[in-house]
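Structure at a glance
Okay, here's what each chain looks like letter by letter:
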Amino acid sequence: MANYMLLLHSNPDAYVKLSPEEAQKALQKFLAWRERLRSQKILVGSARLKDDVGKVVRGAGKPRVTDGPYTESKEVLGGYFTIEASDYDAAVALCGDCPHLEYGGTIEVREVAPVPGV
Amino acid sequence: MEPESNAPAHELVDHLFRSRAGQMVAYLTRLLGPEHLDTAEEVVQEALLKALQTWPYSGIPENPAGWLFRVARNAAFDVLKHEKLVCQKSVELGILVESAGAPGLPGDPEFEEQLRDDELRMLLMCCHPAISRDARLALSLKTVGGFSTREIARAFLSEEAVILQRLLRAKRQIRNDGIGLELPRGEALAQRLDSVLEAIYLMFNEGYATHSGAELTRQELCGEALRLAQLLADSSVSTPACHALVALLAFQAARLPARVDGRGELVLLEDQDRDLWNRELLAVGFLHMSLCAEGVEVSPFHLQAAIAALHASAESDTETDWVKMLDLYDQLMEISPSPVVALNRAVVVAKVKGASEGLEELRLLADERSLQNYYLLPAVEASLLLQIGDKDGAARVFREALRRPCSEPEKRLLIQRWAQCELIAPCFY
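Not measured: the values here are computed from a predicted model. (Residues numbered from 1 in each chain as written. Chains lettered and ligands numbered in written order. Predicted model: local features only at pLDDT ≥ 70, side-chain atom pairs only at ≥ 80, totals over all residues.)

Notes on the overall build of chain A
Check the secondary structure of chain A and you find 3 helices and 6 strands. Counted from the first residue to the last, chain A has its helices and strands arranged as β-α-β-β-β-β-α-α-β. With the principal axes as the frame, chain A shows a C-alpha extent of 50 × 45 × 20 Å. Here chain A holds 118 residues, and the buried ones make up 21% of them. (Helix = DSSP H or I, 4+ residues; strand = E, 2+ residues; numbered from the N terminus. Buried ≥ 20, exposed ≤ 12 C-beta atoms within 10 Å, placed from the backbone.)

Below you can see the structure in the form of structure tokens.
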């Protein structure tokens, strides 16, 4: 078993036109998906990243700070889930019914490297 | 308030967002002033979207409605700061943002009472006589009901742009005419209540009519109309007519589950399985029926509710007290005559005095302009002709009914009845 990070990228405008009722329906699908991960005891952690563009720091010594990194792309990293899975296939399969995809988002799946020697 | 830890962590109360959206808009509009209705709507939408983007990661907070109110309130405060609208309102709102706790949160009984009052004032404002009839309905659904422009358009079989224009015009009028949230008094209050009752009645009919919109939206329209009628009836400005409207809508809504059969076909009142009528709603109907009897006023809603109550208390169509029903229709024709009421009355006349008498009544309506395109006039006539054994006449008049606009389920029902008098299987048509 290894930990996988599911990085949820989305276009923030995707939800703007939802009515309150539709927003609740979308949310309920998300919560049901999250609940499935939780009940299978494979949800390690999750967090939302704030809406603002964030900062990018470059250069040693006197670092240069810019807004970013996604200022030119419409997609932003909205948050992540860390889950436990046996391999990439299993981790990807768990994303298959994530409502995020239904609303036009993409999910980047990355295996977390175990700390050597542990 | 109930602790929510026992509830499954992934479930929310049905329509929480929609119902709280209406309340939040009403609440913030009071704090910001009606001229900032748009801002109130925007920050509420923002709060809902923020929940949608946060709760999947964090799970549902302990007080979901409280979370939404806090976020919306903070966003409203930010807008005020940003626009430098430093005034009494922003001070007031600032204090609320700072205190960020009880009693300014949903769940607190005092606050919930305040919210009901906010909703009531908002509803009355949306139905101000200066705003056009059509716009009153759309504005009430948008601001108090928490429906989107698209959903309203779908329910009214209208273009989204048309509804949007209607809403924009109404909001401009609120700003320009200085229409406010204060409750009118005396004669003005009576007039305003009439306007609100009419809007709620139309809202329900729009949902109830078989010709309009998507099924789900229609049911929600009926539910919202009933909720608003109850809000009004339970408020400090309630009148017997408000209770009569609740009773009428509750009785009608109770019949909804029996109105369509398993195959989606329309079932007429006389053929409905009355066990399917919603008992809870019938109870609501009878409760408000008794409440509306206070005072001397007899409004058209009283008579319509009494008619619906008579159906609701009958075991079957044949056991209905048709004599009493006819008396109620006679009274209704006296205080609020209309061709549609006259048509319904003719059906009752036929039940009491026989089909020929019913046909006599219909003949009086033959030249009625407003019924020229109404399929139910020939449909009723054809049914009565069938009862007196005139199959050819009935077939001819059913064909006439089919030439008039009606919904697909209504059309199928007509074809089926027509086929009965032609003695042919309906599947050939």
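Let's talk about the overall build of chain B
When helices and strands are counted, chain B shows 19 helices and 0 strands. Once local pairs closer than 6 in sequence are excluded, the contacts in chain B between residues at least 24 apart make up 60%. (Contact = placed C-beta atoms within 7 Å.)

Some remarks on the interface of chain A and chain B
Counting residues at the interface gives 20 residues for chain A, matched by 24 residues for chain B. Broken down by element, the side of chain A that touches chain B gets its largest block of residues, 12 residues, from helix α1 (residues 20-39) of chain A. Of the residues in the side of chain A that touches chain B, the class split is 10 nonpolar, 6 polar and 4 charged. (Nonpolar A, V, L, I, M, F, W, Y, C, P; charged D, E, K, R; others polar.)

Observations concerning the sheet that holds strand β1 (residues 2-10) of chain A
Residue and element names in this part refer to chain A. Strands sit in the order β2-β5-β1-β6 across an open sheet of 4 strands; the sheet is antiparallel. Of all the strands in the sheet, just β2 (43-48) and β6 (106-111) have a single pairing partner and so form its edges. The average undirected angle you get between the axes of adjacent strands in this sheet is 15 degrees. Contacting β1, β5 (76-85) and β6, helix α2 (residues 88-95) runs over the sheet at an angle of about 155 degrees to β6. (Pairing = 2+ DSSP bridges. Axes fitted to C-alpha atoms, helices over the stretch in contact; angles between N-to-C directions.)

Observations concerning the nonpolar core
One finds A72(B), A229(B), L245(B) and A305(B) to be the most contacted residues of the largest nonpolar core, which totals 128 residues. If one sorts the elements of this core by residue count, helix α11 (residues 240-259) of chain B sits on top with 12 residues. Leave out the neighbours within four places in its chain, and L245(B) touches L197(B), I200(B), Y201(B), A229(B) and F301(B). Ranked by size, the runner-up nonpolar core spans 7 residues in total, among them Y4(A), F81(A), A91(A) and L94(A). (Core = buried A, V, L, I, M, F, W, Y, C linked by C-beta atoms within 7 Å.)

As for α1(A)
Compared with the 28 Å implied by 1.5 Å per residue over 20 residues, the 28 Å span of α1(A) between its first and last C-alpha is a close match. Those residues of α1(A) lying buried are P20(A), E21(A), A23(A), Q24(A), A26(A), L27(A), F30(A), L31(A) and R34(A). Against α3 (99-102) of chain A together with α1 (16-32) and α2 (37-58) of chain B lie the buried residues of α1(A). K41(A) occupies a position one or two residues after α1(A) and carries a positive phi of about 55 degrees. (Expected span 1.5 Å × (residues − 1).)

Details of the environment of T320(B)
By the secondary structure assignment, T320(B) is in the loop between α13 (300-313) and α14 (322-335). Spatially, the C-alpha atom of T320(B) lies 13 Å from that of A306(B), the residues being 14 residues apart in sequence.

Section: the packing of helix α17 (residues 376-387) of chain B against helix α18 (residues 391-402) of chain B
Residue and element names in this part refer to chain B. Their axes nearest at 8 Å, the elements α17 and α18 cross at an angle of 165 degrees. Comparing their axes, α18 and α17 come out roughly antiparallel. The interaxial crossing formed by α17 with α18 has left-handed handedness. Contacts from P378, A379, E381, A382, L385 and L386 of α17 reach α18 at K391, G393, A394, V397, F398, E400 and A401. For the contact of α17 with α18, the per-class residue count stands at 9 nonpolar, 1 polar and 3 charged. (Parallel < 35°, antiparallel > 145°, perpendicular 65-115°, else oblique. Left-handed = near helix turned anticlockwise from the far one by under 90°.)

Overview of the packing of helix α15 (residues 339-353) of chain B against helix α16 (residues 355-363) of chain B
Residue and element names in this part refer to chain B. At their nearest, the axes of α15 and α16 sit 6 Å apart, and the two run at 155 degrees to each other. In this view, α15 runs roughly antiparallel relative to α16, as classed from their interaxial angle. Considering how the two elements wind past one another, α15 and α16 form a crossing that is right-handed. Here R345, A346, V347, V349, A350 and K353 of α15 lie close against α16, whose contacting residues are A355, E357, G358, E361 and L362. Of the residues assigned to the contact of α15 with α16, the class counts are 6 nonpolar, 1 polar and 4 charged.

Digging into α11(B)
With 20 residues, α11(B) extends 29 Å between its outermost C-alpha atoms, agreeing within 8% with the 28 Å of an ideal straight helix rising 1.5 Å per residue. Most of α11(B) is tucked away, with 16 of its 20 residues classed as buried.

Focus on the confidence of the model for chain B
Residues shown with low pLDDT carry predicted positions that ought not to be read at fine detail. Residue and element names in this part refer to chain B. Taken residue by residue, chain B gives an average pLDDT of 88. The fraction at 70 or more is 90%. Confidence scores differ between elements of chain B, with helix α4 (residues 88-99) showing the lowest mean pLDDT of 59 and α14 the highest of 97. The low-confidence segment residues 1-7, where pLDDT is below 50, has 2 contacts with residues more than four positions distant or belonging to other chains. Across residues 425-429, confidence stays below pLDDT 50; counting only partners more than four residues off in sequence or on other chains, it has 6 contacts. For this predicted complex, the interface score ipTM comes out at 0.90, alongside a pTM of 0.85. (pLDDT = per-residue confidence, 0-100.)

Some details on the pairing of strand β3 (residues 55-58) of chain A
All names here are of chain A. In terms of strand pairing, β3 meets strand β4 (residues 64-67) through 4 bridges, oriented antiparallel. Its bridge partner being in β4, V56 is matched across the sheet by T66. Hairpin connection from β3 to β4: 5 residues lie between these consecutive antiparallel strands, with G59 at a positive phi of about 85 degrees.

Points about unusual backbone geometry
Even without being glycine, K41(A) reaches a positive phi, approximately 55 degrees. Mapping K41(A) onto the fold places it in the loop between α1 and β2. Phi is positive for H15(B), which is not a glycine, with a value near 60 degrees. Take H15(B): it is sitting in the segment before α1.

Focus on the environment of L256(B)
Its location among the elements puts L256(B) in helix α11. Through-space distance from the C-alpha of L256(B) to that of Y208(B) is 8.3 Å; in sequence the pair is 48 residues apart.

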